[in-house]
Amino acid sequence: MTDDRPPTELPELSHDRDLLAKRDQAVEIAQGWAERICRGDLRTREAWPEHDEKALAIARQQVAPIAGNDPRLLEDLARACNAGVAAWWVRRPMQRRIAPTTWRLETAPDERERCMFVGDGDRCERRPEWRIGSEAGLDYAYLCGVHLDLVRQPGQLAEVIEQPG
Ligand SMILES: [Zn+2]
């Protein structure tokens, strides 16, 4: 009996093709996952433990629905997913970097010369570029460009400060 079926694809090629097709999905899953977990104290974490066994185990659960029953694909997608979280972590927005309880605003006589933001006990050394809120209501702040988005409430007015000279 002759076998007239087309030759089966090399497993290596088929694996690479599946991985390529699904890697973007894994990275998308990573982004949603990172946004869900980057809260509270986790925010202060410098880097995502990409190669940590526990992180990999959770990544496998995250990508399991798109990996089918292919254990090798599952492993590679889990790694891609973890790498995606690590990449997101590096470029995460300022609001996701500092737990809200670890900063305050310093109202000192030099508030117009120096950003009022104090994070982990260290006063920001940049010149303020923005003023938010109203001085009449005493809910105002002079802030540098980096800390503006962190302190500013949604919808709160921000004005550029005119620099003397
Ligand atoms: Zn600042």
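Right above here is the structure, for reference.
The rules we used
- Residues numbered from 1 in each chain as written.
- Predicted model: local features only at pLDDT ≥ 70, side-chain atom pairs only at ≥ 80, totals over all residues.
- Pairing = 2+ DSSP bridges.
- Helix = DSSP H or I, 4+ residues; strand = E, 2+ residues; numbered from the N terminus.
- Axes fitted to C-alpha atoms, helices over the stretch in contact; angles between N-to-C directions.
- Buried ≥ 20, exposed ≤ 12 C-beta atoms within 10 Å, placed from the backbone.
- Core = buried A, V, L, I, M, F, W, Y, C linked by C-beta atoms within 7 Å.
- Left-handed = near helix turned anticlockwise from the far one by under 90°.
- Contact = placed C-beta atoms within 7 Å.
- Nonpolar A, V, L, I, M, F, W, Y, C, P; charged D, E, K, R; others polar.
- Parallel < 35°, antiparallel > 145°, perpendicular 65-115°, else oblique.
- Expected span 1.5 Å × (residues − 1).
- Bend = angle between axes of the 7 residues up to and from the residue.

Caption draft 1: Local environment of the sheet that holds strand β4 (residues 130-132). The strand order across the open sheet built from three strands is β5-β4-β6, with neighbouring strands paired in antiparallel fashion. Looking at the sheet topology across the chains shown, the edges are occupied by β5 (141-143) and β6 (158-160). In this sheet, neighbouring strand axes are inclined to one another by 25 degrees on average, regardless of whether the strands run parallel or antiparallel. Sheet topology places β4 next to β5; three bridges connect them, and they run antiparallel. What sits directly across from W130, in β5, is L143.

Caption draft 2: Region of the structure containing the sheet that holds strand β3 (residues 122-123). In spatial order, the strands read β1-β2-β3; together these three strands make up an open sheet with antiparallel pairing. In this open sheet, the two strands that pair with only one neighbour each are β1 (103-105) and β3. With two bridges joining them, strand β2 (residues 117-119) and β3 adopt antiparallel strand pairing. Bridged to V118 within β3 is R123.

Caption draft 3: Looking closely at the environment of P71. Along the chain, the position of P71 falls in helix α3 (residues 71-90). Overall, the presence of 10 C-beta atoms within 10 Å leaves P71 in the exposed class.

Caption draft 4: Region of the structure containing the nonpolar core. A26, I29, A30, V63, L77, C81 and V85 are the most contacted members of the largest nonpolar core, which has 15 residues in total. For this core, the secondary structure elements donating two or more residues are α1 (11-37), α2 (53-67) and α3. The next biggest cluster of nonpolar side chains, apart from the first, holds seven residues, and it includes C115, M116, F117 and Y142.

Caption draft 5: Region of interest: the packing of α2 against α3. Packing of α2 against α3 brings their axes to within 8 Å, and their N-to-C directions diverge by 115 degrees. α2 and α3 meet at a crossing whose hand is right-handed. Counted together, A55, L56, A59, R60, Q62, V63, A64, I66 and A67 of α2 and L73, L74, L77, A78, C81 and N82 of α3 form the full contact between these two elements. In the contact of α2 with α3, the residues fall into 12 nonpolar, two polar and one charged.

Caption draft 6: Spotlight on the packing of α1 against α3. Interaxial distance between α1 and α3 falls to 7 Å at its minimum, and their mutual angle equals 40 degrees. In terms of orientation, α1 and α3 fall into the oblique class. Judged by the sense of rotation from one axis to the other, the crossing of α1 with α3 is right-handed. For the pair α1 and α3, contact is made by H15, D18, L19, K22, R23, A26, V27, I29, A30, Q31, W33 and A34 and by R72, L73, D76, L77, A80, C81, G84, V85, W88 and W89, respectively. Partitioning the contact of α1 with α3 into residue classes produces 14 nonpolar, three polar and five charged.

Caption draft 7: Spotlight on α1. Relative to the 39 Å expected for 27 residues at 1.5 Å per residue, α1 spans 36 Å between its end C-alpha atoms, a close match to the ideal helical length. At K22, α1 shows its maximal kink, close to 40 degrees. Here α1 has its buried residues at A26, I29, A30, W33 and A34. Buried residues along α1 sit in contact with α2 and α3.

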